[in-house]
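Close look at the chain arrangement
Here are the chains, one letter per residue:
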Amino acid sequence: MLRSAVSQLLAPEEDIEIVGEANNGEQALRMSGKNADIAVLDIEMPLLSGLEAAEKLRDEGSECRVAIVTTFARSGYLQRAVKAGVMGYLLKDTPVSELAEALRKIHAGRRVFSPHLTFSMMEEINPLTKQESEILLHLKKGDSVKEISKALYIYPATIRNYISEIIEKLEARNRMDAVSIAENKGWLPE
């Protein structure tokens, strides 16, 4: 419904042509690579998220620029979007006239980010050390404390201390919640 509404609201703009609408991220990826100058994606899309689609377009060397239009005002998503080469990150409550202007700027090769997001990104800085991020990656893979200890050449008791510190820093309920929080904020290295 929202996708159709955005298309209908942008259709009257004389210099903007809607070349297609996708039902999911995979379809958007296929359409973007062929005949679109700009793909307007959401964060949450079926089959492939907007961020995953943006990363794939970047990895394929696509000329198609990406604009994310979403309700998610999270600095982690913005950070991941920037790494993926996204040219615009706007919130869904952006007026259509501003969205149209943002798309024009993106088409001209300029980046456009919601001012609200840029301020929240500055406020939210990754509190994790490199070592803590590495431990979280091992936890994400399902490694045990013993396996992490072996891989990083650190005593198991020290690994447990790191994990406790990570959980506290991220205000997480448990290890997997910490992994999820760090992932959503874009604080886990790839």
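Quick look at the structure, then. (Residues numbered from 1 in each chain as written. Predicted model: local features only at pLDDT ≥ 70, side-chain atom pairs only at ≥ 80, totals over all residues. Heavy atoms only, no water.)

Notes on helix 8 (residues 145-152)
Within helix 8 the residues assigned to the buried category are Val145, Ile148, Ser149 and Leu152. For helix 8, the angular spread of buried residues about the axis comes to 100°, placing them on one side. Counted as exposed and oriented over 90 degrees from the buried face of helix 8: Lys146 and Lys150. Contacts from the buried residues of helix 8 go to helix 7 (130-141), helix 9 (156-170) and helix 10 (175-184). In the stretch just after helix 8, tyrosine 153 is the one whose phi turns positive, near 55°. (Buried < 20%, exposed > 50% of the residue type's maximum accessible area, 1.4 Å probe, protein only. Helix = DSSP H or I, 4+ residues; strand = E, 2+ residues; numbered from the N terminus. Arc of directions from axis to C-beta. Contact = heavy atoms within 4.5 Å.)

As for the layout of surface pockets
Of the volumes computed, that of the largest pocket is approximately 990 Å³. If you trace the largest pocket, you find 34 residues lining it, with Gly20, Ile38, Ala39, Val40 and Leu41 closest to the centre. Sorting the residues of the lining of the largest pocket by element identifies helix 1 (2-10), helix 2 (25-35), strand 1 (38-41) and helix 5 (96-107) as the ones contributing at least two each. Here the lining of the largest pocket takes 5 residues from helix 1, the largest share from any one element. Counted by class, the lining of the largest pocket contains 18 nonpolar, 7 polar and 9 charged residues. (1 Å grid on protein atoms, 1.4 Å probe; cavity = no way out; pocket = protein on both sides within 12 Å on 5 of 7 lines; lining within 4 Å. Points joined across faces, edges and corners; volume = space filled by probe spheres on them. Nonpolar A, V, L, I, M, F, W, Y, C, P; charged D, E, K, R; others polar.)

Some points on the pairing of strand 1
Bridge analysis of strand 1 against strand 2 (residues 65-70) gives 4 bridges, and the strand direction is parallel. Note on strand 2: the bridge partner recorded for valine 40 is alanine 67. Remark: the strand 1/helix 3 (residues 50-60)/strand 2 crossover connection has right-handed handedness. (Pairing = 2+ DSSP bridges. Right-handed = clockwise from strand over helix to strand, strands pointing away.)

Some remarks on the side chain of threonine 94
Along the polypeptide, threonine 94 turns up in the loop between strand 3 (88-91) and helix 5. Classification of threonine 94 by relative accessible area gives buried; the value is 19%. Polar contacts involving the side chain of threonine 94 include one to the main-chain carbonyl oxygen of leucine 91, which spans 2.6 Å. (Polar contact = N/O pair within 3.5 Å; in protein donor to acceptor, adjacent residues only side chain to side chain.)

Considering the pattern of salt bridges
Under the criterion given, the structure shown has 9 salt bridges. Where arginine 104 meets glutamate 13, a salt bridge forms, and the shortest distance between an N and an O atom there is 2.5 Å. Taken together, the positions of arginine 104 in helix 5 and glutamate 13 in the loop between helix 1 and helix 2 put the pair 91 residues apart, joining distant regions of the chain. Given a relative accessible area of 24%, glutamate 13 falls into the partly exposed group. Between lysine 92 and aspartate 42 there is a salt bridge whose closest N-O contact spans 2.7 Å. With lysine 92 in the loop between strand 3 and helix 5 and aspartate 42 in the loop between strand 1 and helix 3, this residue pair connects regions lying 50 residues apart in the sequence. Salt bridges sharing common partners tie together Glu13, Asp15, Glu101 and Arg104. (Salt bridge = Lys/Arg side-chain N within 4 Å of Asp/Glu carboxyl O.)

Function cannot be read off these values alone, since they describe shape.
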